[in-house]
Amino acid sequence: MSKSIEQKDFQLSAETLASIDGIIEKYPTKASALMPCLWAIQDELNHVPEPGVDLLMEKLDVTRARVHEVLSFYTMYRTEPQAENVLQVCHNISCHIMGARGIIAHLEKKLGVRMGEDTPDGKYRLEGAECLGACGHGPVMQLGKHMHEYLTPEKVDGLLEDLGKGETPRADTDRELEE
Amino acid sequence: MATSEHRILSSRFGRKDGHKLSVYEAEGGYQALRNVLGGKKPEEVRETVKASGLRGRGGAGFPTGVKWGFVPQDAEEVYFFVNADESEPGTFKDRYCLDYDPHMTIEGTIISSFAVGAKLAFIYIRGEFGWLIDRVQKAVDEAYAAGYLGQDILGSGYNLEMIVHKGAGAYICGEETGLINSVEGVKGQPRIKPPFPAVAGFLDKPTIVNNVESVAAVPWIMTHGAEAYAAIGTEKSKGSKLWSVSGPVKNPGVYEIPLGMPFREFFNDYLGGMVDGEKLKAVIVGGSSVPVLPADEIMDVPLDYESLGEAGTMLGSGGMIIIPESSDMVELIQVLMHFYFDESCGQCTPCREGTGWLHRIVKKLRRGEGTPNDLKLLEHVCDGMMGLTICPLADAAVMPMRSFLEKFRPEFEVLIQENEPTGCQTRWPRGEQE
């Protein structure tokens, strides 16, 4: 088993460790800090490897089963390294009515992968998502912390072009630049 | 955007600077909190909210002030949770509240926490709203810096801490006991009730869980009085309501209108009718979990709790999904059944198994392999789910399933008769099949 190797390579920054201690301080019980602590690890490493589970077992005084139960119940936690860009296209009812299928087909063609697959270079992952709470702005796609809304094949092309150049495409929910 | 004269919740919607403390304060923000902490007793706040007739805006419609009254009077440790786990398909109103006006929700949360005696409040935001979590956290930081949160708020002696908690992708956490479990650091599976959270919730202590839209109305109610709020709307459905509208209407978006406005007026005057070339076929009025109504059955129905109930549906979350004539209803119900199957927490057998059965049968129909018995089987599975589970997720799958089948039966029957799929020929996205 490669666990010992992973264990050796597992390292969190001082900031993340401090933020985990801060979270534990803030939450009423140690166990209740589990979700935000998992987020802290995933925010740095892009997934939660097994040594991260070990760390939280010790810090939060919870069982391995409990950490795994939470990791697997919630769809946004990942236990394996993720592709650089995870494109999550909403395929629920409102986006469906507004043309999500066409957007998905376009992305599958452009990226050469099917839904639920990574591109061989590990740069993109294409996923379906249930309702993203942007129904009146559909079809929508989530990329990182932001939403890309009112998608058209042309808009998707522009977005992939930006990502290809290593740039962050401008998201509809990102209004910080205007402030 | 909201164009109604009743802009209790939406006056800063669409404004780039609406989320800033300076803007909120300049427009009277935190004045309600000053007044409350300046001499009102918690029971006065509870009575005012009760008298206003405000009802839970997350979907259940339970009177907010009455819910607050269930907290035992001698409770020493009380928790307040704001439910911003907005994930009912078709619903995106709470996102607008927090994106454009987070301080209104924060002020409402502080007043509400004071009313029930909570010393710690959580705002539980679904994990997919990444940018929004940052925005709300910034606003909470601003509120702390201004002395609206923390120890001895505004010199009143009242202490309140506030934590912005990030969800991680689970529809079921919108159910209040699922949400509480989630913050306790376990799977977000709902609890058996009673005991209700107001008696034994987070860490088994009295806990109030309110929707964003409900708490956001509290500052206005405290400033303008219960009577002013109750004067808006109908006799039983008081106040204004946010409607998030999606689908091919000319102006989709979030609207604040008084409860009781007829659908026809809202549809024509606010939504601008359908986009050119489309015709209205049906409406799911309150989020995907409520029964669908064909166009002719909704046109003259007033948009309030009672009228929608009499019409055979529910107000729900106010997530209005507009379905155009060009839609294949069996395809749409497949989308929804996939959703409920995917989101069932797996705790109760009728839901865990039933949602899977419904999804598989609808898929089979669309593959052209349906038999007449399958429609009976759909109804039979629905009967075995409705009202038989710990939380309403099973009901939430059954209500659209039954109503689609009842109101649009010919679209199901034709699949059996011709024994091949009609309408859209595009396959369901690959890789997403169970």
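Residues numbered from 1 in each chain as written. Chains lettered and ligands numbered in written order. Predicted model: local features only at pLDDT ≥ 70, side-chain atom pairs only at ≥ 80, totals over all residues.

## Examining the domain arrangement of chain A
Thought 1: Examined at the domain level, chain A breaks down into domain 1 (12–73) and domain 2 (85–178).
Thought 2: Summarising the inter-unit geometry, the C-alpha centres of domain 1 of chain A and domain 2 of chain A are found 29 Å apart. (Domains from an automatic or database assignment.)

## A short note on the confidence of the model for chain B
Residues and elements named next belong to chain B.
Thought 1: Per-chain confidence: chain B averages 94 in pLDDT, with 95% of residues scoring 70 or above.
Thought 2: Within the model, the stretch residues 420–434 combines pLDDT values under 50 with 30 contacts to residues more than four positions away or in other chains.
Thought 3: We note a pTM of 0.94 for the whole complex and an ipTM of 0.94 for its interfaces. (pLDDT = per-residue confidence, 0-100. Contact = placed C-beta atoms within 7 Å.)

## Observations concerning the environment of Leu 54 of chain B
Residue and element names in this part refer to chain B.
Thought 1: Summarising the element assignment, Leu 54 is placed in the loop between helix H3 (42–52) and helix H4 (64–69).
Thought 2: According to the C-beta neighbour criterion, Leu 54 is buried, with 26 such atoms within 10 Å.
Thought 3: Once the C-alpha coordinates of Leu 54 and Ala 397 are considered, the two residues, 343 residues apart in sequence, prove to be 27 Å apart.
Thought 4: Those residues in contact with Leu 54 that sit more than four places away from it in its chain are Val 49, Thr 64, Gly 65, Ser 214, Ala 217, Ile 221, Tyr 229 and Gly 239. (Helix = DSSP H or I, 4+ residues; strand = E, 2+ residues; numbered from the N terminus. Buried ≥ 20, exposed ≤ 12 C-beta atoms within 10 Å, placed from the backbone.)

## Some words on the sheet that holds strand S1 (residues 79–84) of chain B
Residues and elements named next belong to chain B.
Thought 1: Pairing within the open sheet is parallel, and its four strands lie in the order S3-S2-S1-S4. Among the strands making up the open sheet, the edge pair consists of strand S3 (161–166) and strand S4 (207–211). Taking each pair of neighbouring strands and ignoring which way they run, the sheet shows an average axis angle of 20°. (Pairing = 2+ DSSP bridges. Axes fitted to C-alpha atoms, helices over the stretch in contact; angles between N-to-C directions.)

## Quick look at helix H15 (residues 329–343) of chain B
Thought 1: Taking 1.5 Å per residue, 15 residues should reach 21 Å; H15 of chain B reaches 21 Å between its end C-alpha atoms and fits that length.
Thought 2: Extensive coverage of H15 of chain B is indicated by the burial of 14 of its 15 residues. (Expected span 1.5 Å × (residues − 1).)

## Some points on unusual backbone geometry
Thought 1: Residue Pro 139 of chain A is bonded to the preceding Gly 138 of chain A through a cis peptide linkage, with omega at -5°.
Thought 2: Positionally, Pro 139 of chain A belongs in the loop between strand S3 (124–129) and strand S4 (141–143).
Thought 3: The residue after Lys 193 of chain B, namely Pro 194 of chain B, is reached through a cis peptide bond having omega -5°.
Thought 4: As for its position among the elements, Pro 194 of chain B is in the loop between helix H8 (176–184) and S4.
Thought 5: The backbone of Asp 61 of chain A shows a phi angle near 60°, a positive value even though the residue is not glycine.
Thought 6: Mapping Asp 61 of chain A onto the fold places it in the loop between helix H4 (50–60) and helix H5 (64–73).
Thought 7: Even without being glycine, Tyr 150 of chain A reaches a positive phi, approximately 50°.
Thought 8: According to the C-beta neighbour criterion, Tyr 150 of chain A is partly exposed, with 13 such atoms within 10 Å.

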